[in-house]
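Examining the three-dimensional arrangement
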Amino acid sequence: MLSTFERLRAILVKDYQLTADDVTMESNLESLGIDSLGVAELLFSIEDEYRVTLPPEPVDLNTVGEAVHYIDALVAGRRPAALKPLNAGHSPSYTSAVGVHAQASANLNALVEATAHPSASRVQ
Amino acid sequence: MTRLRVAVTGMGVVSPLGDSAQAAFDAAVSGVSGVALLNTPFAHRLAAPLAASAPFDPTVHFDSRQFRMLDRVSQFALVAAKQAMAQAACIQADERGGYQPERCGVFVGTGMGGTHTIDEGYHSLYGEDSDRVKPFTVLMGMYNAPAAWIGIEHGLLGPNLTYTTACSSSAVAIGEAWLRVSSGCLDMAVAGGAEAPLSFGSLKAWEALHTLAAVDVEQPSASCKPFSKNRSGMVLGEGAAMLVLELWDAATARGARIYGEVVGYGLSTDAGHITRPSVSGQAAAMRSALHSAQLVATAIDAVNAHGTGTTANDATETAALKALFGAHAHLVPISATKALHGHMLGATGALECVLSIMAMQHCVALPTMHLDSADLECDLDYVPNEARRGVCVRTMLSNSFAFGGTNAVLVLRGGDQ
């Protein structure tokens, strides 16, 4: 079974016309030709390849190694270290972060419901 | 006001008639149609599965990295602009032929922008119940992507503008570029249009308007029949055409080959009905174009008609030509090349501009194909079914009229006159 790094390297080699030797754990993404738009595209590919759903927070990936750790954390259900905080007060644990997101979604859903059906549900 | 002369020094084409200006012109002269039955997975769900598709292989022009950033409309635009710039050879790698990049602009018309990207995104969200779309959806779908990519590719730092006035978009783009170059605001401009409207969603939207032609079952390639009594509508086409416009004196000073000249541009708005064309509006645009060129109507030797093949347009355009030209209308050869390349919407005016310039160069009046049934309402000389060679055509009008009522007309001359 291929490792996370090997699978990621295959994506990078295919999408950016690199050779396998170009890509190491220490490789800087920018130096491989992967700018901020490229990272956005890479995240899309990671969702497909590893069958994970990315958390909504912005992510700060600079090297191939950071991307590998990011993917490994997602696959294991842990909060990836590369995530930037959603806001200053939230818990650093991934489970808690998901909880924060779920609560925010629940509040948003209630607001949408109240807007769509103002007589049935009133926002206090 | 006194205007500076503006030369056309480069022309590029991606079209249903071929991937160069010369190929498209040769097909138009020979009456070879780019219209065919669609061979796509969704074709059976169309009432009239017809289109004029461009035989275009993007892998020849773009590596996979570029390809993933470019909607089909931007691919067309980039390839056509590259051809035009190569032909003009006005900007070398290290030397810009005396042009400051800040004085070089890009003017592109497109009616529908990145339709394939938008279609794919909707399919993903609604058809596949996905919660995400591709990361470059905004960048590929936005209307100014074709112009932006041309600016990036060629390092043109002046105005980078996109015009979307439906079927007159690229005539407007060329006209607006001409205004800036002829007034001395710019030294050079890449101007034209691009359109890629053959996505399922777009075809269905056009089908819903009931303006598309029925299939000619005996000869599907002849389904678009401008000015013919049995015309039933237009056929959508795809592609791009780009021109390099330069100050005439600068172009001649550097020894550039001059293919043609833009000498006038007129605009009018119907401000009446969102789709129904207006005789007075179309005539006003032609009159305005003649005025800007400081020409009288009898100076016009030929016309490239808007000639869509719809019942409403062709009768209205004929009446507008008569209103403008009077008796001279019957003496002017009128060509409707959409019978062959289809209606390329925001790109069609630019392709017809290219074909008109080449027709003048080659002393030929292009044929209006599939005109097999006379219509009392359309009784002018449409050059039916066969090119007319040896015709001395010095000055032409190229008409582009649009849903929304924006009528745009270019006045063109052949080169080196």
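Everything quoted here is computed from the prediction, not taken from an experiment.

**Some thoughts on unusual backbone geometry**
Residue and element names in this part refer to chain B. In the Ramachandran plot, His210 falls in the positive-phi region, its phi being about 60° despite a non-glycine side chain. Inspection of the secondary structure puts His210 in the loop between helix H9 (200-208) and strand E7 (239-247). Residue His210 is classed as exposed on the basis of its relative accessible area, which comes to 71%. With a phi angle near 50°, Cys363 is a residue other than glycine that sits in the positive phi range. One can find Cys363 in the loop between helix H14 (348-361) and strand E11 (364-365). Given a relative accessible area of 33%, Cys363 falls into the partly exposed group.

**Observations concerning the sheet that holds strand E4 (residues 104-109) of chain B**
All names here are of chain B. Overall, mixed pairing links the 10 strands, which are arranged E5-E4-E6-E7-E1-E8-E14-E13-E9-E10 in an open sheet. Pairing within the sheet leaves two strands with one partner each, and these edge strands are strand E5 (160-163) and strand E10 (334-335). In terms of strand pairing, strand E8 (residues 260-269) meets strand E14 (residues 406-414) through nine bridges, oriented antiparallel. Its bridge partner lying in E14, Tyr265 is registered against Leu410.

**Section: the environment of Asp270 of chain B**
All names here are of chain B. For Asp270, the location among the structural elements is in the loop between E8 and helix H11 (279-293). Along the primary structure Asp270 and Gly404 are separated by 134 residues, whereas in three dimensions their C-alpha atoms are 7.9 Å apart. Apart from the residues lying within four places of it in its own chain, the contact partners of Asp270 are Arg276, Pro277, Ser278, Gly281, Gln282, Gly405 and Asn407.

**Re the pattern of salt bridges**
Residue and element names in this part refer to chain B. A full pass over the atoms with the stated rule returns 21 salt bridges over all chains. Residues Lys225 and Asp216 are paired through a salt bridge, measuring 2.8 Å at the closest nitrogen-oxygen approach. Taking relative accessible area as the criterion, Asp216 reaches 18% and is therefore assigned buried. Of the charged contacts, one joins Asp314 and Arg231 as a salt bridge, the two residues approaching to 3.6 Å between their closest N and O atoms. Taken together, the positions of Asp314 in helix H12 (residues 311-325) and Arg231 in the loop between H9 and E7 put the pair 83 residues apart, joining distant regions of the chain.

**Observations regarding the environment of Ser74 of chain B**
Residue and element names in this part refer to chain B. Tracing the backbone shows Ser74 in helix H4 (residues 72-88). Classification of Ser74 as buried rests on a relative accessible area of 1%. The sequence separation of Ser74 and Ala28 amounts to 46 residues, and the corresponding C-alpha distance is 24 Å. Leaving out residues up to four positions away in the same chain, Ser74 has contacts with Ala145, Pro146 and Trp149.

**Some thoughts on the nonpolar core**
All names here are of chain B. Ranked by internal contacts, the top residues of the largest apolar core, which has 56 residues, are Met11, Ile174, Leu243 and Leu245. Counting residues per element, this core draws most heavily on H14, which supplies nine residues. Contacts of Leu243, omitting those with residues within four sequence positions, involve Val8, Gly10, Met11, Ile174, Ala189, Val190, Ala191, Ala350, Cys353, Val354 and Ile357. Counting 30 residues, the second-largest nonpolar core is a separate cluster that includes Phe62, Ala81, Ala84 and Val106.

**Some points on the interface of chain A and chain B**
Taken together, the 11 residues of chain A in the interface contact 11 residues of chain B. Both faces considered, chain A and chain B share a buried interface measuring about 990 Å² in area, 51% of it formed by carbon and sulfur atoms. Put simply, chain A and chain B have four salt bridges between them. One salt bridge in this structure joins Glu41 of chain A and Arg68 of chain B, with 2.5 Å as the shortest N-O distance. On inspection of chain A and its partner chain B, the count reaches seven residue pairs in polar contact (both at pLDDT 80 or more). In terms of residues, the side of chain A that touches chain B owes the most to one element, helix H2 (residues 36-50) of chain A, which gives six residues. Of the residues that constitute the side of chain A that touches chain B, the class distribution is four nonpolar, two polar and five charged.

**Observations concerning the packing of H11 of chain B against H12 of chain B**
All names here are of chain B. Contact geometry of H11 with H12 gives a least axis separation of 8 Å together with a crossing angle of 50°. By the angle between their directions, the pair H11 and H12 is classed as oblique. Note on packing geometry: the crossing formed by H11 with H12 is right-handed. On H12, the residues that touch Val279, Gln282, Ala283, Met286, Arg287 and Leu290 of H11 are Asn313, Thr316, Glu317, Ala319, Ala320, Leu321, Ala323 and Leu324. Classifying every residue of the contact of H11 with H12 gives nine nonpolar, three polar and two charged.

**Some words on H14 of chain B**
Residues and elements named next belong to chain B. With 14 residues, H14 extends 20 Å between its outermost C-alpha atoms, agreeing within 8% with the 20 Å of an ideal straight helix rising 1.5 Å per residue. Within H14, 13 of the 14 residues are buried, which leaves it mostly tucked inside the rest of the structure. Cys363 occupies a position one or two residues after H14 and carries a positive phi of about 50°.

**What to know about the confidence of the model for chain A**
On average, residues of chain A carry a pLDDT of 78, and 68% of them reach 70 or more. In this model, residues 88-104 of chain A is a region of pLDDT below 50 whose contacts with residues beyond four sequence positions or in other chains number 17 contacts.

**Observations concerning a nonpolar patch on the surface**
Residue and element names in this part refer to chain B. Nonpolar side chains collect at one region of the surface, where Ile118, Tyr122, Leu125, Tyr126 and Val133 lie side by side and expose about 470 Å² of accessible area between them. The topology assignment puts Leu125 in helix H5 (residues 115-127). Accessibility expressed as a relative area gives 30% for Leu125, which makes it partly exposed.

**Section: the pairing of E14 of chain B**
All names here are of chain B. For E14, a buried count of nine out of nine residues is recorded, marking the element as mostly surrounded by other parts of the structure. Here E14 shows two buried faces, one formed by Thr406, Ala408, Leu410, Leu412 and Gly414 and the other by Asn407, Val409, Val411 and Arg413. Here strand E13 (residues 395-400) hands over to E14 after five residues, with Gly404 in that stretch at a positive phi of 95°.

What counts and what doesn't
Residues numbered from 1 in each chain as written. Chains lettered and ligands numbered in written order. Predicted model: local features only at pLDDT ≥ 70, side-chain atom pairs only at ≥ 80, totals over all residues. Heavy atoms only, no water. Helix = DSSP H or I, 4+ residues; strand = E, 2+ residues; numbered from the N terminus. Buried < 20%, exposed > 50% of the residue type's maximum accessible area, 1.4 Å probe, protein only. Pairing = 2+ DSSP bridges. Contact = heavy atoms within 4.5 Å. Salt bridge = Lys/Arg side-chain N within 4 Å of Asp/Glu carboxyl O. Core = buried A, V, L, I, M, F, W, Y, C linked by side-chain atoms within 4.5 Å. Buried area = accessible area lost by both parts, 1.4 Å probe. Polar contact = N/O pair within 3.5 Å; in protein donor to acceptor, adjacent residues only side chain to side chain. Nonpolar A, V, L, I, M, F, W, Y, C, P; charged D, E, K, R; others polar. Axes fitted to C-alpha atoms, helices over the stretch in contact; angles between N-to-C directions. Parallel < 35°, antiparallel > 145°, perpendicular 65-115°, else oblique. Left-handed = near helix turned anticlockwise from the far one by under 90°. Expected span 1.5 Å × (residues − 1). pLDDT = per-residue confidence, 0-100. Patch = residues over 30% accessible without salt bridge, like charges linked within 9 Å, V, L, I, M, F, W, Y side chains within 5 Å. Areas by Shrake-Rupley, 256 points an atom, 1.4 Å probe, with all protein chains shown as cover.

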